[in-house]
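Remarks on the overall topology
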Amino acid sequence: MKLEIQNVSKKYGKDKYGVRDYSLTVEKGILGLLGPNGAGKSTLLKMIATVSKPTNGVITLNGNDVAKNANYMRNQLGFLPQDFGVYPNLNAFEFLEYMAALKGVGGENLRPRIEGLLEGLNLMESANKPIGTYSGGMKQRIGIAQALLNDPKIVIFDEPTVGLDPEERVRFRNLISDLADECIVILSSHIVSDIDTIADEVAIMKNGNLLSKGNQSEVVELVKDKVFETTIPRESLSDFKANYLVVSTARKDGNLKVRYISDKPIENSTSNEANLEDAYLYITKTK
Ligand SMILES: Nc1ncnc2c1ncn2[C@@H]1O[C@H](COP(=O)(O)OP(=O)(O)O)[C@@H](O)[C@H]1O
Ligand SMILES: [Mg+2]
């Protein structure tokens, strides 16, 4: 499996770009697409999923232009859009059977497949209840299940962990790791902790541009030896922020413990080990 995004732009209106001259190659494994709200994640993912077409540039799957031959992509694709909606009156079985029919998936294996997915996503107990009665996390899990109905080879989840509680997130992670053994999985989020530890590769985007891409240690390398911790009086925080990139603060004995990024530490700082959160902040704030 090879997905190639070549100089792709999506223009909304005259001078407004959702994605701008974006190039990226993805092979087997999990790609985490990270970026703040408005970065262009959904715009990019919709073009890959053939829901919209690039204004410029080409997206290919195994060499096939997906704008010209959408079915080649669609036959192998599982997609959870960010704004995924369900039919509230259908129960889980009815909804997934309906989605399967739309995807042209059927046969005697369908029912066991649906049961397997509901089992894996911990939805079996409620499977006979109307989806309208489900919690946000349960609806999200139904969305994940429909994306996997056709045994896809490329799976795209746009902000899949929104609404999931911590336990559901763990389940989701496990499910994704199992999938990724043979597929391309692309997962978007604006929350670093959704992506770190699970993604093989990370692509950070902002303002429609790709800012950085690599495996996690390559991306973290960018802030190596730049992450420090120090303690400052609480009232100095705004001055401090004007001069240094602050990752986090915590109260400590009436003062503030500050984790910050800088080429050089100020006095009385200790060096901290860099992580993806630091790198994400550094890349999106300074580029
Ligand atoms: N249909 C649209 N028409 C006009 N502008 C849009 C449309 N969809 C998205 N945008 C704009 O494109 C940019 C990227 O949006 P989006 O792809 O939704 O970002 P993300 O998913 O990273 O939050 C934003 O500035 C957004 O306002
Ligand atoms: Mg989005």
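Cut-offs and rules
Residues numbered from 1 in each chain as written. Chains lettered and ligands numbered in written order. Predicted model: local features only at pLDDT ≥ 70, side-chain atom pairs only at ≥ 80, totals over all residues. Heavy atoms only, no water. Near = heavy atom within 4 Å. Polar contact = N/O pair within 3.5 Å; in protein donor to acceptor, adjacent residues only side chain to side chain. Areas by Shrake-Rupley, 256 points an atom, 1.4 Å probe, with all protein chains shown as cover. Helix = DSSP H or I, 4+ residues; strand = E, 2+ residues; numbered from the N terminus. Salt bridge = Lys/Arg side-chain N within 4 Å of Asp/Glu carboxyl O. Buried < 20%, exposed > 50% of the residue type's maximum accessible area, 1.4 Å probe, protein only. Domains from an automatic or database assignment. Contact = heavy atoms within 4.5 Å. Nonpolar A, V, L, I, M, F, W, Y, C, P; charged D, E, K, R; others polar. Pairing = 2+ DSSP bridges. Axes fitted to C-alpha atoms, helices over the stretch in contact; angles between N-to-C directions. Phe/Tyr/Trp six-rings, centres within 6.5 Å; stacked < 30°, edge-to-face > 60°. Donors = N, O, S within 2.8 Å, 3.2 Å for Na, K, Ca; no water.

**A word on the site of ligand 1**
Every residue close to ligand 1 is listed here: Y12, K16, G18, P36, N37, G38, A39, G40, K41, S42, T43 and Q82. Between T43 and ligand 1, the recorded distance is 2.6 Å, taken from a side-chain N or O atom to an oxygen atom. The protein chains hide 62% of the 560 Å² of surface that ligand 1 would expose on its own. Those elements giving two or more residues to the shell around ligand 1 turn out to be β2 (16–27) and α1 (41–48). Element by element, the count of residues in the shell around ligand 1 is highest for α1, at three residues.

**Observations regarding the pattern of salt bridges**
For the coordinates displayed, the defined rule picks out eleven salt bridges. When the shortest N-O distance is used, the salt bridge between D65 and K68 registers 3.7 Å. Residue class for D65 comes out buried when judged on its relative accessible area of 19%. Across the pair E115 and R111 runs a salt bridge whose closest N-O atoms are separated by 3.4 Å.

**Side note on the domain arrangement of the chain**
According to the domain assignment, the chain consists of domain 1 (2–217) and domain 2 (222–286). Each of domain 1 and domain 2 has a C-alpha centre, and the two are 34 Å apart. Counting residues at the interface gives twelve residues for domain 1, matched by six residues for domain 2. Where domain 1 meets domain 2, there are one residue pair in polar contact (both at pLDDT 80 or more). Secondary structure elements with two or more residues in the side of domain 1 that touches domain 2: β9 (201–206) and β10 (209–215). At three residues, β9 tops the list of elements feeding residues into the side of domain 1 that touches domain 2. In terms of residue class, the side of domain 1 that touches domain 2 is made up of six nonpolar, four polar and two charged.

**Points about unusual backbone geometry**
What you tend to see is this: most non-glycine residues have negative phi, and most peptide bonds are trans. In this structure, N7 is a non-glycine residue whose phi angle is positive, near 50 degrees. The topology assignment puts N7 in strand β1 (residues 2–12). For N7, a relative accessible area of 44% puts it in the partly exposed group. Positive phi is not limited to glycine here, since N62 has a value of about 45 degrees. With respect to the element layout, N62 can be found in the loop between β4 (56–61) and β5 (64–65). Overall, N62 belongs to the partly exposed group, its relative accessible area being 34%.

**Some remarks on the sheet that holds strand β7 (residues 154–158)**
Spatial strand order, β6-β7-β8-β3-β9-β10: six strands in an open sheet with mixed pairing. Looking at strand neighbours, the two that pair on one side only are β6 (77–80) and β10, the edges of this open sheet. Across the sheet, the mean angle separating the axes of adjacent strands is 15 degrees when strand polarity is ignored. As defined by bridge partners, β9 adjoins β10 across six bridges and the pair is classed as antiparallel. Its bridge partner lying in β10, A203 is registered against K213. Those strands touched by helix α5 (residues 136–147) are β6 and β7, and its axis lies near 165 degrees from that of β6.

**Quick look at the packing of aromatic side chains**
Counted according to the given criterion, the structure contains eight aromatic pairs. Between F84 and F95, the ring centres sit 6.1 Å apart and the planes meet at 70 degrees, which makes this aromatic pair edge-to-face. Of the two residues, F84 sits in the loop between β6 and α3 (92–103) while F95 sits in helix α3, which places them eleven residues apart along the sequence. Relative accessible area serves as the criterion here: at 1%, F95 is assigned to the buried category. In textbook terms, an aromatic cluster arises when at least three aromatic residues are bridged by ring pairs, as seen for F84, Y87, F95 and Y98.

**What to know about the sheet that holds strand β14 (residues 270–271)**
Strand pairing in a sheet relies on backbone hydrogen bonds, with the paired strands running either antiparallel or parallel. Pairing is antiparallel in the open sheet, where four strands are placed in the order β12-β13-β11-β14. With partners counted over all chains shown, the strands left at the sheet margins are β12 (245–252) and β14, one partner each. Sheet topology places strand β11 (residues 227–233) next to strand β13 (residues 255–261); seven bridges connect them, and they run antiparallel. The residue of β13 that forms the bridge with P233 is N255. Relative to the sheet, helix α10 (residues 276–286) contacts β11, β12 and β13, its axis offset from that of β12 by approximately 130 degrees.

**Points about the coordination of the magnesium ion (ligand 2)**
Binding of the magnesium ion (ligand 2) to the protein goes through S42 (OG) and Q82 (OE1), at separations of 2.0 to 2.1 Å. On the criterion of sequence distance, the pair formed by S42 in helix α1 and Q82 in the loop between β6 and α3 is long-range, its members being 40 residues apart.

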